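Take a look at the letters that make up each chain.
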Amino acid sequence: MEMERVTEFPLAHLDRRPRKRARLGWDVSQVPKAQVGIFCGQEVGSITSYASSGATPDHIISSSLFVKGVARNGSPPWREDDKDGHYMFAIGENLTSRYKIHSKMGEGTFGQVLECWDRERKEMVAIKIVRGIKKYREAAMIEIEVLQQLGKHDKGGNRCVQIRNWFDYRNHICIVFEKLGPSLYDFLRKNNYRSFPIDLVREIGRQLLECVAFMHDLHLIHTDLKPENILLVSADYIKVLDYKGSSRAPKESSYLKRVPKSSAIKVIDFGSTTYERQDQNYIVSTRHYRAPEVILGLGWSYPCDIWSVGCILVELCTGEALFQTHENLEHLAMMERVFGPLPQHMLKRIDRHAEKYIRRGRLDWPEGATSRESIKAVLKLPRLQNLVMQHVDHSAGDLIHLLQGLLRYEPSDRLTAREALRHPFFTGDHLRR
Ligand SMILES: Nc1ncnc2c1ncn2[C@@H]1O[C@H](COP(=O)(O)OP(=O)(O)OP(=O)(O)O)[C@@H](O)[C@H]1O
């Protein structure tokens, strides 16, 4: 029942990435420092609510209600969490008397996500059951606060997943969400890492930037944008002929590729979302999508989300993550290969942790490389223009220009989300000229 939890790169000839990459990459074990949360369970946007200061509802109390191991209210017997603090469950069981567990949909650093039937609203929902460990519980309370904040300002179509409810059950914070389809990463993976058509990339990019603009207007920074955290609203897809084929696909399916029926997406996972502050320089983002200022310890703000969007758009066009690395120096060398040298003024300001990557005013590469394979992996990468031209047949010029704006090294030079939305790649202005 439990899904395999992959923590390292599987063998190169197989799936090259874990199903869900940890929010802080494989290289950092830091969890964002918890801030003050709200401690009151409530149904979001509905009348039924309860306050933690008063009596706890019956179905939330665990052990005392059991008669010979079966609860009167239909709750399963109390079980120990697993060694990582994950809630142990069986398909078909109740999660409180309201929700019935149908399947497991996903897993991340913070907990498991279960597909459940909501008996009250008569619909399927996705419930994130957070690990029963203090730091994850505290971070979950921040996520709830952010979700409620986003919901409050939602004028429809803000592209952020909607929270329906939350409660504290047997020491696990449970967050109830609207149920969505597969993540863009899962879709790519099941499609043997075939690229998305450019018009779909455009639609997804537009919605993603709308979400980021909406968050930034509220002074919120997501900090963990990646294909795993962008979900298609619907799981439906069609199969179309793909003349380019795929070397990674089994023969019989190599000329057929899946294309989502609808381009509608929503962003999830606000567990690392933070309010904008001046002094933020701890490590954020999952490795592949991490901005240069984060790696160099220069402090980060809204533009770190924009860098991630740039990396995601490249990945959707090519089918594979742009920077497949888990090491800082190699990562910076890859950036230089794709975008050219890092600017001197940024290298001069780096913090003491990043000093070791610089020698005589430039990146210590290839001298500082840990292996020949690493040097080869960097050399294999093409320049941005070539990479896009290899995969995109029309709109390549506009897309390259947009990506150059999203992936500028200097954060203050990077396009804002609102500026990016006005780019000809989205408005089609060049066609009217
Ligand atoms: N609303 C939803 N509908 C359908 N599936 C979902 C939903 N929310 C989450 N999932 C699935 O569960 C997975 C884990 O969710 P989420 O990213 O919120 O967990 P997390 O523990 O915070 O992850 P991370 O390790 O990135 O911090 C997602 O990648 C997705 O596959």
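Residues numbered from 1 in each chain as written. Predicted model: local features only at pLDDT ≥ 70, side-chain atom pairs only at ≥ 80, totals over all residues.

Once that is clear, we can look at the overall build of the protein chain. Helix and strand content of the protein chain: 13 helices and 17 strands. Taking all 433 residues of the protein chain together, 39% fall into the buried category. Long-range contacts, defined here as pairs at least 24 residues apart, represent 63% of the contacts in the protein chain between residues at least 6 apart. (Helix = DSSP H or I, 4+ residues; strand = E, 2+ residues; numbered from the N terminus. Buried ≥ 20, exposed ≤ 12 C-beta atoms within 10 Å, placed from the backbone. Contact = placed C-beta atoms within 7 Å.)

All right, on to the site of the ligand then. Every one of the 24 residues lining the ligand counts as a neighbour, but Gly106, Gly108, Thr109, Phe110 and Val113 are closest to it. Elements with a contribution of two residues or more to the shell around the ligand: β5 (99–107), β6 (111–118), β7 (123–130) and β9 (172–178). Residues of the shell around the ligand, tallied by class, amount to 10 nonpolar, seven polar and seven charged. Two domains each provide a minimum of three residues to the shell around the ligand, namely domain 1 (93–178) and domain 2 (182–243 + 253–427). (Near = placed C-beta within 6 Å. Nonpolar A, V, L, I, M, F, W, Y, C, P; charged D, E, K, R; others polar. Domains from an automatic or database assignment.)

Within the fold, glutamate 123 resides in strand β7. Residues glutamate 123 and lysine 190, spaced 67 residues apart in sequence, show a C-alpha to C-alpha distance of 27 Å.

Turning our eyes to something else, we now look at the domain arrangement of the protein chain. Domain annotation for the protein chain reports domain 1 (93–178) and domain 2 (182–243 + 253–427). Counting residues at the interface gives 11 residues for domain 1, matched by 13 residues for domain 2.

Residue pairs three or four apart in sequence face the same way in an α-helix, which turns once every 3.6 residues. With 20 residues, helix α3 (residues 198–217) should cover 28 Å at 1.5 Å per step; its first-to-last C-alpha distance of 28 Å lies within 8% of that length. Among the 20 residues in α3, 14 count as buried, and that is most of the element. Phi turns positive, to about 65 degrees, at histidine 219, one or two residues after α3. (Expected span 1.5 Å × (residues − 1).)

Time to look at the pairing of β5. As paired elements, strand β4 (residues 94–95) and β5 share two bridges and run antiparallel to each other. If you follow leucine 95 over to β5, its bridge partner there is tyrosine 99. Hairpin geometry of β4 and β5 is characterised by an intervening segment of three residues between the two adjacent antiparallel strands and by a positive phi of about 60 degrees at threonine 96. Between β5 and β6, which pair antiparallel in sequence order, lie three residues. (Pairing = 2+ DSSP bridges.)

Our focus in this paragraph is helix α1 (residues 134–152). In a regular helix each residue adds 1.5 Å, so 19 residues correspond to 27 Å; α1 covers 27 Å between its end C-alpha atoms and thus fits that length. Listed in full, the buried residues belonging to α1 are Tyr136, Arg137, Ala139, Ala140, Met141, Ile142, Glu143, Ile144, Val146, Leu147 and Leu150. Where α1 is buried, its residues touch β6, β7, β8 (163–169), β9 and β10 (220–221).

Within the largest apolar cluster, 100 residues are counted, with the highest numbers of intra-cluster contacts made by Ile127, Ala140, Cys174, Ile175, Leu208, Val309 and Leu403. A domain split of this core shows at least three residues from each of domain 1 (93–178) and domain 2 (182–243 + 253–427). Beyond its immediate stretch of four places on either side in the chain, leucine 208 contacts Ile230, Ile265, Val267, Val309 and Ile312. (Core = buried A, V, L, I, M, F, W, Y, C linked by C-beta atoms within 7 Å.)

Here the focus is the packing of helix α5 (residues 303–318) against helix α9 (residues 384–391). Here α5 crosses α9 at 40 degrees, and the two axes come no closer than 9 Å. For the pair formed by α5 and α9, the contact residues are Val314, Cys317 and Thr318 on the first element and Leu387, Val388 and His391 on the second. Residue classes in the contact of α5 with α9 are distributed as four nonpolar, two polar and no charged. (Axes fitted to C-alpha atoms, helices over the stretch in contact; angles between N-to-C directions.)

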